[in-house]
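So the chains spell out like this:
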Amino acid sequence: MQDKNTKKPKNAVKTPCYIIDEQQIIKNLQILRDVANRAGCKILLAQKAFSAFALYPLIGEYLDGTTASGLHEAQLSHDYMKNENSKKENPKKENHVFSVAYSDAEFAEILQICDYIIFNSFGQWERFKQQIKAHETATNSKKNYGIRINPEHSTQGGGIYDPCATGSRLGVTAKNFPFADFSGISNIENDEIGENDENGETPKITGLHFHTLCQQNSDALESTVKAFEEKFSQCFGKLKWVNFGGGHHITRPNYDTEKLISVIKNFRQKYNLAVYLEPGEAIALNAGVLVSTVLDIIENNGKIAILDTSATCHMPDVLEMPYRPEVTTAAPKGEKPHSYVFGGVTCLAGDIIGEYSFDQPLQIGDTVTFTDMAIYSMVKNNTFNGINLPSIALQRANGTLAVLREFGYQDFLGRLG
């Protein structure tokens, strides 16, 4: 008999399966669109957190485009991100890319499909500058180029998610920024962002980018912008735009959107610069679950429930961050009468998801549902041990359930050679 706390969801699917909640996505997008309108900024989807391209037409109705961390994400945006309801002749959205380092093999393709290209160092910028000029001359097109900077202002308390940690490889510090030689845009009065000057000189850097936050509120951005101004404002007059990066948890219930809007508006008015945000989690926060089935229950100093999913394969942030994902109807170990350790199905001894307790005993065949699994899980999962990837389904706003993708042996085979 099914445990009343772990009944199969409505329109049940074969597990394991990620289920994306379209209605929650829409709610998140509405919040983001309101922020963009009131602050006068542009907001991009950071695909590194959420790349479910079946929803890109929906996302394109609300956001201004995407940001990518490399060629394949940029290509995904180029192929799928557009506003199908737009009355414009070209419904495609802005395509931004940042990479710690571009390779010669990929940069020519990046130039073909991206609108904004952000470099991690001036060395990379110098390396590709002539290729950029040749491309723009041959295609009679203009791109937008930026440099990622490091404001050296940590707001996270360190760890692997802190780009401002000592010795960080991410962004140019003020000490290493060539202020004396920085020419920036050639014609400040020109309305076209990133346009070359009249003499056909090499394209200029027209924007700065920083990304320092992770799941944070707007007070962290406020203090970071202050550090950004103190260290880099001397070159703001040679720019057209800035990108405040991601990590803004805008759609969580306690986020201070009024402060965010104030910070952006004040910065725009003070420096007359366009402002971009590129949140990832905020687009799909609390908008997806991972449904799993109990395969076995074993005893070893307590009960261990073996699931048909895996922390190692299907939710790697559980081990990487680490954290304990929430499970519907469950509480922490000991709070309810029946406690279990949830273990994954791989051979890794540390494939442990967490400890949970329930009102009723779990049974083999019961389903358990992990919350907030739309972000990062799908883009970071893997097939270690040949474990199959979870299916991806969409719970549409009208209540119907559509399976978007199922995986099998060929997907495992295709990653090997």
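The structure we're discussing is the one just above.
Attention in this report is confined to the structure presented alongside it. (Residues numbered from 1 in each chain as written. Predicted model: local features only at pLDDT ≥ 70, side-chain atom pairs only at ≥ 80, totals over all residues. Heavy atoms only, no water.)

**Here we look at the overall build of the chain**
Along the chain, the regular secondary structure elements total 12 helices and 17 strands. Taken over the C-alpha trace, the chain has a radius of gyration of 23 Å; the compact-globule value for 417 residues is 22 Å, and the two agree within 12%. Across its three principal axes, the chain shows a C-alpha extent of roughly 75 × 40 × 40 Å. The proportion of buried residues among the 417 residues of the chain is 52%. Accessible area for the chain stands at about 19,100 Å²; split by element, carbon and sulfur atoms hold 47% of it. (Helix = DSSP H or I, 4+ residues; strand = E, 2+ residues; numbered from the N terminus. Rg over C-alpha atoms; globule rule 2.2 N^0.38 Å. Buried < 20%, exposed > 50% of the residue type's maximum accessible area, 1.4 Å probe, protein only. Areas by Shrake-Rupley, 256 points an atom, 1.4 Å probe, with all protein chains shown as cover.)

**What to know about the side chain of N381**
On the secondary structure map, N381 appears in the loop between α11 (377-380) and β16 (391-395). There is a polar contact of 3.2 Å between the side chain of N381 and the side chain of Y18. If near-sequence neighbours (up to four positions away) are discounted, N381 is found in contact with Y18, C313, H314, L389, P390 and R415. (Polar contact = N/O pair within 3.5 Å; in protein donor to acceptor, adjacent residues only side chain to side chain. Contact = heavy atoms within 4.5 Å.)

**Some thoughts on unusual backbone geometry**
The omega torsion of the bond from T15 to P16 falls at -5°, within 30 degrees of zero and hence cis. Structurally, P16 is set in the segment before β1 (17-21). For the bond running from M321 to P322, omega is -15°, close enough to zero to count as cis. Within the fold, P322 resides in the loop between α10 (317-320) and β12 (331-332). Look at E152: it is not a glycine, yet its phi comes out positive at around 50°. Within the secondary structure, E152 is located in the loop between β6 (144-148) and β7 (207-209). Residue E152 is classed as partly exposed on the basis of its relative accessible area of 43%.

**Overview of the sheet that holds strand β4 (residues 94-99)**
Around the barrel, eight strands lie side by side as β2-β3-β4-β5-β6-β7-β8-β9; this closed barrel has parallel pairing. Averaged over all pairs of adjacent strands, the angle between their axes in this sheet comes to 25°, without regard to strand direction. As paired elements, strand β5 (residues 116-119) and β6 share four bridges and run parallel to each other. Across the sheet, residue I118 finds its bridge partner in β6, namely G146. (Pairing = 2+ DSSP bridges. Axes fitted to C-alpha atoms, helices over the stretch in contact; angles between N-to-C directions.)

**Side note on a nonpolar patch on the surface**
Taken together, the side chains of L319, L348 and F384 present a nonpolar region at the surface, about 230 Å² in accessible area. Exposure remark for F384: the relative accessible area of 35% places this residue in the partly exposed category. (Patch = residues over 30% accessible without salt bridge, like charges linked within 9 Å, V, L, I, M, F, W, Y side chains within 5 Å. Salt bridge = Lys/Arg side-chain N within 4 Å of Asp/Glu carboxyl O.)

**A closer look at the side chain of Q47**
Assignment of secondary structure puts Q47 in the loop between β2 (42-46) and α2 (56-60). Look at Q47 and you get buried, because its relative accessible area is 0%. Discounting residues that sit within four places of it in the chain, Q47 has contacts with Y56, T66, T67, A68, E73, A74, L76, S77 and V379.

**Describing the pattern of salt bridges**
For the structure shown, the criterion picks out 16 salt bridges. In this structure, K231 engages E152 in a salt bridge whose closest nitrogen and oxygen atoms are separated by 3.9 Å. Residue K231 is found in helix α6 (residues 218-232), and its partner E152 is found in the loop between β6 and β7; the two are separated by 79 residues along the sequence. The exposure class of K231 is partly exposed, given its relative accessible area of 27%. The salt bridge partner of K259 is E222, with a shortest N-O separation of 3.5 Å. Of this pair, K259 sits in helix α7 (residues 257-271) while E222 is found in helix α6, placing the two residues 37 residues apart along the sequence. Look at E222 and you get partly exposed, because its relative accessible area is 37%. Among the charged side chains, a network of salt bridges with common partners joins D34, R38 and E258.

**Side note on helix α4 (residues 104-113)**
Within α4, burial applies to F107, I110, L111 and I113. Close packing links the buried residues of α4 with α3 (71-80), β4, β5, α5 (122-139) and β6.

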